[in-house]
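Architecture at a glance
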Amino acid sequence: MIFLIFVFLLDAFCSVSAKGENKTAVIGDEVILPCSVEEFMPLEVMEWSRAGTHPEYVLIFKNQSSDVDIPVQRYEGRVELMDKKKGNMSLVLKNVTAEDGGTYKCYVMRETGRRKRANLEAVNTVYLNVHPRPPPENKHTQREEGENRDGGNKDEEETLGNSRGHVASIVAAFVAMAVIVSVMVDAAIRWKKIKNYRHSPQDEKETPQIA
């Protein structure tokens, strides 16, 4: 069982090593392509290259001169090594362009005195995917959206205010009608009392009769 687990982990590790690493960058940003060569120190030559139909030498470092050579002009001023003194040969790629996407490989040559290409050893492979920068938000559009939201709120407030006004008008009309009806009823009752008082039997008895 332990042996099977060990074989599985070894297979996974070899698969990852064979596939390399994936990196993603946005146009205009900076990206770091990793390459650590401490185990190869001291080294004689180290280089970064970009694979393709026409392979490019991105950066070449020679230990004797301690300087870097950038053969392709479009990389000048945009590439550098992270920390060559400590063996961190990660490639710093600045101001990424759409053309920078592709497969990058890090090679080293130990100090053996031989300078043939066959002596270069591949340390790492990095697949760089470059994405376009998302468009900036349009302030004019944001302002219009804000105005639309504000306008919608104002319309809702006006509609609500109109509805409340109608309700208040209806209530006031009912109150006025109730007052009018109450006054009319009260007047009718008073008139009836006065009329009954004028025609009461007591008044007829007290009226003197002429002989």
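The rules we used
- Residues numbered from 1 in each chain as written.
- Predicted model: local features only at pLDDT ≥ 70, side-chain atom pairs only at ≥ 80, totals over all residues.
- Heavy atoms only, no water.
- Helix = DSSP H or I, 4+ residues; strand = E, 2+ residues; numbered from the N terminus.
- Buried < 20%, exposed > 50% of the residue type's maximum accessible area, 1.4 Å probe, protein only.
- Contact = heavy atoms within 4.5 Å.
- Areas by Shrake-Rupley, 256 points an atom, 1.4 Å probe, with all protein chains shown as cover.
- Pairing = 2+ DSSP bridges.
- Axes fitted to C-alpha atoms, helices over the stretch in contact; angles between N-to-C directions.
- Patch = residues over 30% accessible without salt bridge, like charges linked within 9 Å, V, L, I, M, F, W, Y side chains within 5 Å.
- Salt bridge = Lys/Arg side-chain N within 4 Å of Asp/Glu carboxyl O.
- Core = buried A, V, L, I, M, F, W, Y, C linked by side-chain atoms within 4.5 Å.
- Polar contact = N/O pair within 3.5 Å; in protein donor to acceptor, adjacent residues only side chain to side chain.

Notes on the overall build of the chain
Helix and strand counts for the chain come out as three helices and nine strands. Reading the chain from its N terminus to its C terminus gives the helix and strand order α-β-β-β-β-β-β-β-β-β-α-α. With 211 residues in all, the chain has 21% of them scored as buried. Taking the intrachain contacts of the chain between residues at least 6 apart in sequence as the baseline, contacts between residues at least 24 apart amount to 58%. In the form shown here, the chain has an accessible surface area of approximately 16,000 Å², with 58% of it arising from carbon and sulfur atoms.

A short note on the sheet that holds strand β5 (residues 67-69)
With respect to topology, six strands assemble into an open sheet ordered β1-β9-β8-β3-β4-β5, the strand pairing being mixed. Where the open sheet ends on each side, the last strands, each with one partner, are β1 (21-26) and β5. Between one strand axis and the next, the sheet turns through 20° on average, direction left out of account. Relative to strand β9 (residues 121-131), β1 runs parallel, the two being bridged by six bridges. Bridge assignment links Glu-21 to a residue of β9, and that residue is Val-126.

With respect to a nonpolar patch on the surface
Nonpolar side chains collect at one region of the surface, where Val-171, Val-175, Val-179 and Val-183 lie side by side and expose about 340 Å² of accessible area between them. Judged by relative accessible area, which is 51%, Val-183 ranks as exposed.

What to know about the pairing of strand β7 (residues 88-93)
Within β7, five of the six residues are buried, which leaves it mostly tucked inside the rest of the structure. Where strand β6 (residues 79-83) and β7 come together, four bridges link them in antiparallel fashion. For Asp-83, the partnering residue across the bridge sits in β7 and is Asn-88.

Quick look at the nonpolar core
Residues Met-46, Trp-48 and Tyr-104 are the most contacted members of the largest nonpolar core, which totals 25 residues. Looking at this core, the elements that each hand over two or more residues are β2 (31-33), β3 (43-50), β4 (56-62), β6, β7, β8 (102-110) and β9.

Considerations on the side chain of Asn-124
Looking at where Asn-124 falls in the secondary structure, it is placed in strand β9. Of note is the side chain of Asn-124, whose polar atom sits 2.8 Å from the backbone oxygen of Pro-34.

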